[in-house]
Structures are given as structure tokens and as C-alpha cells.
Amino acid sequence: MPDRSGPGFRARVGPPSRRARVLLLTVGVLAVLFLLFVMFSGLWTDWLWFRSVKYGSVFTSRLGAELGLGAVFGLLMALVVGFNLWLAYRLRPPLAAMSVEQQSLDRYRSGVAPFRKWLLVGPALLVGLVAGAAAAAQWRTWMLWANGTPFGVKDGQFHKDVSYYAFELPWYEFLLGFAFSAVIVSLIAATAVHYLYGGLRLQGPGRRASGGAQGHLAVLLGVFVLLKAVAYWLDRYALAVKSESFKNVDGWTGLRYVDANAFLPAKTILFFVAVICALLFFLTPVRRTWAPALIGFGLMALSAVLVGGVYPAIVQQFQVKPNEQAKETAYIQKNIDATRQAYGIAGADVQPYTPSDSTDADKLKQDAQTIADIRLLDPNVVSPTFQQNQALRNYYAFPKTLDVDRYGKQDTVLGVRELDLAGVQQRNFINDHFKYTHGYGVVAAKGNQVDANGNPVYTEQSLPTEGSLGDYEQRVYYGEKSPAYSIVGPGMDEIDYTRDGQPDQTSQYSGGSGVSLDNPLTRAAYAVKFAEPQILYSGAIKDGAKILYDRTPKERVEKVAPWLSIDADPYPVVQNGRLVWVLDGYTTSDGYPFSSKTVLGDATKDSLTDQRGRTLTAVNQVNYIRNSVKATVDAYTGEVTLYQWDEADPVLKTWMKAFPGTVRAKADIPATLLPHLRYPQDLFKVQRDLLGQYHMTEATAFFNGTDIWDVPEDPTVNNTHDVQPPYYLTVRMPDAKEASFSLTTSFVPAGRKNLAAFMTVNADPGPDYGKLRILRTPPGSGALGPALTQAKFNSDSEVARQLSLLRSGTDSDVVYGNLLTLPVGGGILNVEPVYLVARGAKVPVLKKVLAVYGDHNVALEDSLDKALAKVLGAAAPGVTAPAEPNPGTGTPTAPTTPTTPTAPTTPGSNPALDRALADAQKAFDDGQAALKNGDWAAYGQSQQALRKALNDAVAAESKSGQPGGQPSGQPSGQPSGQPSGQPSPAPTG
């Protein structure tokens, strides 16, 4: 056989074989089909999801708007650009002048001749696709313009309804921007074609442009300048929503003196100059000369510099600056009025309040309910305690920040026991998506009480939960910590909870939500969506199975109402036998004239933001906001319901016209749900951020900035400059007849730490819901702000001594709870719970309560009533004593602090005392051993023995007649004078 590797062998070179061509074609077709299926799967699964939650109209309305805008503006752009390409080709000169330049271009003309039609259609379609995609993203702008509702309020400069700026002007600006883009792209494309075919020349003698090219380009330039004239006209109105930094307000919005008296006339003049210049360009084909048009364009540019730039600068420098206050007063007042109206703070009631350092029983009686409901349980601290006491299974967890609600008249701290897949011991496809699918129940505790061990007093607890909330569906398939997706259905057992030595407690989902997986095409689509091929072929998926996804309450409401901004903190409510999540929805706008803009992400940021998240909108910067919608999500069925809350909001009315049938009337809110609705935190934080400066309603005071307030930094958090969060409390303001559930916050003067004001908003649905009340303290009152209050606590020698003993005696860290500021008895009461966190257990236990009234003595006591008795000088009415532990829980009771001897004794001089101290030492050692072994029953017995031994020591010394002192036989390791400072027992559960 011939040697094919020899020098005479030539490899076969030629087209691929038929088999190779078929293979390549097959691979290419499959790749295209796969890409198309990936695109289809996203659209298909979205449609199935919206249909499953009964909001299919939202999907179709939005998709219709996007497709319609994309098609119309994409086609329009393609036609405009394609027409100008075709026209430039038709206007080419019949013969190109002979020159080196044209000879070079001849080669290109010859090269593109076979592809002329493709080069005409292709670029036009490509530009049309890009323009269509950009236009589709403007569906919100289109829907607001098409369904706009009047505000019934006119701006202070042009006297147009606010809806013009909020709904109409953005649409006109989009149309103008689209027209500019079409003209610019057409101008560039036409210029290229004219140059390629000799209509434009850069070299050679004679005219540089043919008559056809000159006329075509002149008309395009004329249209461009005419559009610039329209832009100048719209810019006049845009001045009312223009933002800049002015007087310590970064988002200051609206006209100022220089805008009204220089920029506004300049825009009008430039409008007429641009119209004249455009006419000169349109006359260029007739006059066959560029000179008049180019001179006009130069004059327009010069006018833009002189009239639009230099003249306003002269007015600002020589008219405004010498007498700025007088010139700006009228415009500042417009800004103040509009801002207060747009943010809903115009009705804030500001009252002078001179806090007293002392009070009496009569004054305290009026605030009995405020004192009784002081919240000792900090929802931002005690989540680990709930986790230790009530999670009960490793695969259940509570959120880092619990919620505050009221049941009856009791402020209650609640947490939902949600599924945490990180706690599942065997992680696999079946366990993650078929077995462990849901959380179980709500745990609730009284906000104003702890038991004798410093643990919460639960009103709803255990697994399944039992308590004051009654019977309700406890399975939580939709929650803040729900997994990405679960597959449920008939014949598919899911774990509710497990019990040692007993069969698993299981159930099957019957909530009706989710998307059916019976269709193989649907299963394939979800396999692509979640990048999990087992969804396609897994035998664990039975007939009738459904897939649940998009399960957090926030993302469900955001998806069915994409025009809403959702508050960062959904909260659970048990009502009518159901557990539902309640969410607050905001309608916003950045087009309210003269109203200053704020960045929602910044205004809502505080020391708890990392735990709660932030409220953001599509643009994030807004100057109008309303809490227009209350939404609920059923924790079992996932049903989403939107209720109209602000019946006067024109933005909500506009969206309700755009998406009819999606929002129910306010009257449809269930009577059992209504008492649990509350004023939202993020809206309150935006309002307090604005009120720091906009509490000044007079332009002169605002201009001088002599009374600016800041939200104080949170003094209970280390190593952060984040501000203090607002707190839900039951509090009575001085002008109110009774206490109400409210959101509260403090203000301090800018750059200082004393208290400037205290603000509340009524959070209870009713006649006073949303009413803002501000107690304004006089500058010389000496009232302590949060930072000074915390500093007073920390600098008190007795407080420092006791806290040091607690730390050293129990090997624990001290954690400060929320610092609560309350107007009580004509003064200011500050209360702060103090928690001990054992370094091993990391479970906070409330051990002490700090309090100070006015600027006088500080109290650090074992209970709130003792602390108030000390700082108020009399027994405060209405204080609830700490509750005893529930019988049978096995939780040991911390010993009370006995009165200990304080004088040294000589060993052997008092046998009874020596024996008692030895017993105390033994009891202490036994307790430490039990603590290390986790034997809480033995630990409780040792604490009882320790208490008895110390009491015997006190009795023995009193009989000996010795003066007070610390017994020399103090058990080792026991802090001096602090026999109660034992390590706190870890809560059972």
C-alpha cells in the first residue's frame, strides 16, 4: 500500500462532506431552538405565575404596553432612518467628479453594490430594534400619560395642574428625546451615503456638496434646530422640577429668583431664535447657499452662551447675592409649601414643650397607660431568645428583627417560625424542594413584660403554637425566609415537624396556589428557569403536583403591582383563622413642582437597615410619596390582595385606571384586619428626614437656617454613625385624651446632642391616623438627647459598677436595648432595657432597666417599676410587675439580691456565719458545674441553695451584732456585693 505520509501524498482539500454539513446544520438548529426556548420559558413561566395568582391582567397590560411601544417606536425609527438612507441614495449625483478621492471611493461603491438593499434595510432594522427596546422600557411613562388624573393643585409659577409635571411633561420629554435620536441617526447615515456616492466631497475644485445633498442635509439640520426650539420651550416648565443644592438641601427643587428672572426669559428668547434659525435651514435648498443658515446657527449658539449663561450669572452676582434673602424669600416659601404638601407633612402640629425635671402623682395619672406599656422587649435584640426558646427545631428560624403589633390593647412582639434550609441535616434535591417546604406558626410575647429570669412572657408559643391567638392555619408557605421554590401536591408528604422517637408529623399542601407541573413543556420551562434538570424527569413529582416560587411577601406584591414601592418591613397578623403578611405600598413621583427631592434609600437608612432592607423605587429619588395601598399576602395560600388606603391620591387613581380591577376599595378591608394596620416606618422616616428642616414654615427662618434639626445617631449601637430608628410605642401626647399606638422619634439640634423635639404619628386606624405631633423644646431647656442620655447612663459611677459586676460575675456581654424617649408627667422620661448575653449561648436575657427623668438621678434596677420609683420619686401608676415563670417550664428562677453584710468578719468568730458561707461556696460551685453540663434542673436547685445560704449568712451576722461589711467568706468568683450576678440560665426549649 502507498505510504500516505510520504512526500508524494496530498491531503484532500475541499468542501466538507454531506454528513459533516448535516451535522453542523443540526447542531446550529438545535442551538437556535435552545436559545429560543430559553427566551420562551421566561415569558411562559411569568404568564403561568401571574395567572396562578389571578393577576393575569397585570401581565397582559404591561406586556401589551411594552410590545406596543417597542413596535411603534421601533418601526418609526426604522422607517425614518431607512427613508433617509433611501433618499440620500436617490439624490446621489449621476456622475462623480474625477479625483483621487472619488477614485478611492469607487472601489467601495463597487464592493457594496451587490448588497445595496441589505445595507439599506439592515441598519434601519438594527436601529429600530434598539429604539424599540428603549421605548418599551418607558411603559410607566406611557401609562401615566395615557391615564393621568388631575391633582387639583396648581404650581406657583406657571399655574398648571401638578399632573402636567408628574404625568405629561415626562412623556413629552421622551418624545422629544426620541425625535432627536431619529434625526441625529438619520443625519449621520445620510451624510455617510452622500459622501460614499459623491454628493459630498472633501477634496477637489468646485462645490463641496451637490444640490441634492445640500438640500437633504439642510432639511435634517433644520428639523434638529426646530426640535431644539421645542426643547427650549419645555425647559421653561422643567425649571419647576429642576433640582440643585441650596440652603443645606441637596435636592432643592423649583425656580429661584435667577431662574424666574433670567433663565425663564432666556429660554423664551432662545425658543424664538431657534425657530428663526430653523427657517433659515429650510430656506437653504431654495437659496442654494449655506451662509444665512450657518450665520443663524452661530448666532443661536452665541445667544445660548450670552443669554442662557452669562446673563443669568450676572443677575445672580449683582442682583441676588447683595440681597439674597429678600430676592429668594418668595421662592423659598413656594418650596416650603410644596414640599410639605407633597410629603404629607403640611398638617404636622408643632407645640412648645418645656420639660420639667420633677413631677407629681396627678400628672403621672394622666400618663398611666404610657407608663404601663413601656416596651421592655426590644424586637431588634430578642430574636436569638425566640430562636433558643421557640424555634424548637434546627430547620426553623426567626427573622433578625421581630415585629411589633397590638392585640387588644397589648403591645406584642411577634416572630414567624420560618423554614431555614441551612438547619436541615441532609441537604439534597428531595429534602430541599419536596420535604422541607414551609415554616410553622407565630410566636408572640408581651412587649412590656419579662419573667423573673428576664425572658419574654409568651402569649403564643410551642409547636404547634398555642395561646391567645386562637386557632389558625399555622403552616407558612409564603414568608420572608421561604426557599426559592418548592414542589407540593397530592400524595407528596411534607414535614411539619419532627419529634424525638416518634414518626414525623407530615401534611400535604392543599392551599390551591402554585403552577401545575402536569404539562411536560411546563416542567421543561421550569427546569430551564431554575437551572435544575431534575424538575424535568424526577419521579418524585406526582400527578397534580404544583411548583411554588416567588414566595416572599415583598416580591409577590412588587410583582403584581410593579408601580408600587413596598415598605421594607412586612409584618404578620393573625386574623379570621389565617396568618397573613401585611405590607405598605407607596405611590411616588419625582415630578411635583417646587417640592424638594429625597433619595429614598438614604432617607430610610438607620441602624437597623441591614436587618430590614430598604425601600427603593425605579428612580429612587422622589419628591412626592403617599402610603396609598395596604396589601396582604396569605402565608398559606399565597393570595395577594391590594386595598386602596389613600382614596384621594391621584397617582393611585391613575394606576388604577391603567390596571383596572387590581386594587380593591378601602371598604373591603376585613374588620378583623383593620385594627392591625399601622402607620408605615419608611414613610415616617422620610417625613422626619424632611421635617428636620421643613418644620420651619417661614421663609426667613428657613433661609437663615437657625433651627435645623437632625435625627440623632443610635447610641446603643457601637461603631456606627447610623441614625436611631423610630419605635412603635403606646404613648399619650400632652394634647391627647388617651394614649395611642404610635411611631415615635427624637430630634436634636444640628451639630448638638441635646433634645430639640419629640415627634409621634398616630399609627392606629381611626380619625387621628397619620396625625403628626411634634413637641418642640426651648433651646435652654437642657433636655437630654439620646446620645447625652446614653452618656449619662455610662458615666454614672453606680451604673458602671453594677454593669461591671454583671459582666465579670457572669462572663457575659452587656447589650443595650432600644433607648425609649417618652413625654411623661410634664417631663421627659428615658428608659433603656439592659440585656446580658452569655458569651457561649449568645442569648439575650433582660437583667436590668436603666431610667432617667429629666437631667437628675439615674436608676439601674432589676425591674421597670423599681427604676421608675427611683427616678420619679413616687410609685408610677399602671406599671405591670414582672410575671412569674410559667409553671412546669423547667426554667430556673434567678435569685433575688439579698441584703448582704458589709463589714469584714474573723473566721471562727461566728460558726453559724462560717457554715452559711461554706454552704454558699458549695452551692455556687455546684451551680457552675451544672451550668457547664447544661443541667438546668440542677442549676435551679443550686440557686435555691445559694439563696438560702446567703440569707442564713445575713441572719447569722445580724445576730453577732457586727457592723455592715462584706463577709470574708464570700464564695470565690462571686462579685462583691452582688450575689445575684450569676450566669443567666439558658432558656429552655
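Predicted, not measured: the structure shown is a model, and the values here were computed from it.

### Observations concerning the sheet that holds strand β17 (residues 546–549)
Moving on, step 1. One open sheet accounts for three strands, arranged β13-β17-β16; its pairing is antiparallel. In this open sheet, the two strands that pair with only one neighbour each are β13 (485–488) and β16 (515–516).
Moving on, step 2. Where β16 and β17 come together, two bridges link them in antiparallel fashion. Of the residues in β17, the one forming a bridge with V515 is I547.

### A look at the packing of aromatic side chains
Moving on, step 1. A full pass over the atoms with the stated rule returns 49 aromatic pairs.
Moving on, step 2. Between F40 and W44, the ring centres sit 5.9 Å apart and the planes meet at 15 degrees, which makes this aromatic pair stacked. Here W44 and F40 lie together in helix α1 (residues 18–52), a separation of four residues that amounts to about one turn.
Moving on, step 3. In this structure W44 comes out as partly exposed when scored by relative accessible area, which is 24%.
Moving on, step 4. When the ring of Y728 is compared with that of F741, the centres are 5.4 Å apart and the planes differ by 5 degrees; the resulting orientation is stacked. Remark: F741 occurs in strand β27 (residues 740–749) and Y728 occurs in strand β26 (residues 727–731); sequence separation between them is 13 residues.
Moving on, step 5. Among the aromatic residues, those joined into a ring-pair cluster are F73, W142, W145, W171, F174 and F178.

### A look at unusual backbone geometry
Moving on, step 1. Following L463, the chain continues into P464 via a peptide bond in cis, with omega recorded as -5 degrees.
Moving on, step 2. Tracing the sequence through the fold places P464 in the loop between β10 (456–461) and β11 (466–467).
Moving on, step 3. Non-glycine residue S462 carries a positive phi angle of around 75 degrees.
Moving on, step 4. Mapped onto the secondary structure, S462 falls in the loop between β10 and β11.

### Here's the deal with the sheet that holds β11
Moving on, step 1. Spatial ordering of the open sheet is given by β5-β6-β9-β10-β11, a layout of five strands whose pairing is antiparallel. Only two strands of the sheet have a single neighbouring strand rather than two, namely β5 (403–407) and β11.
Moving on, step 2. Strands in contact with helix α13 (residues 383–391) are β6 (410–416), β9 (442–450) and β10; relative to β10, the strand with the most contacts, it is inclined by about 50 degrees.

About the criteria used
- Starting afresh in each chain, residues are numbered from 1 along the sequence in its written order.
- Whole-chain, interface and lining totals are the exception, using all residues; otherwise, since this is a predicted model, local features are given only for residues with pLDDT of at least 70 and side-chain atom pairs are given and counted only at 80 or more.
- The side-chain quantities take in all heavy atoms of the structure and omit both hydrogens and water.
- For two strands to count as paired, DSSP must find a minimum of two bridges between them.
- Labels follow the DSSP assignment, with helices taken as runs of H or I lasting at least four residues and strands as runs of E lasting at least two, numbered in each case from the N terminus.
- To pair, rings of Phe, Tyr and Trp, with the six-membered ring standing in for Trp, must have centres within 6.5 Å; the planes then decide the type, stacked if under 30 degrees apart, edge-to-face if over 60, and tilted in the middle.
- Accessible area is worked out with a 1.4 Å probe on protein chains only. A residue is then buried under 20% of its type maximum, exposed over 50%, and partly exposed in between.
- It only takes one pair of heavy atoms within 4.5 Å for two residues to be counted as in contact.
- Orientation is described by lines fitted to C-alpha atoms, with helices fitted over the stretch in contact, and by angles between N-to-C directions that extend from 0 to 180 degrees.

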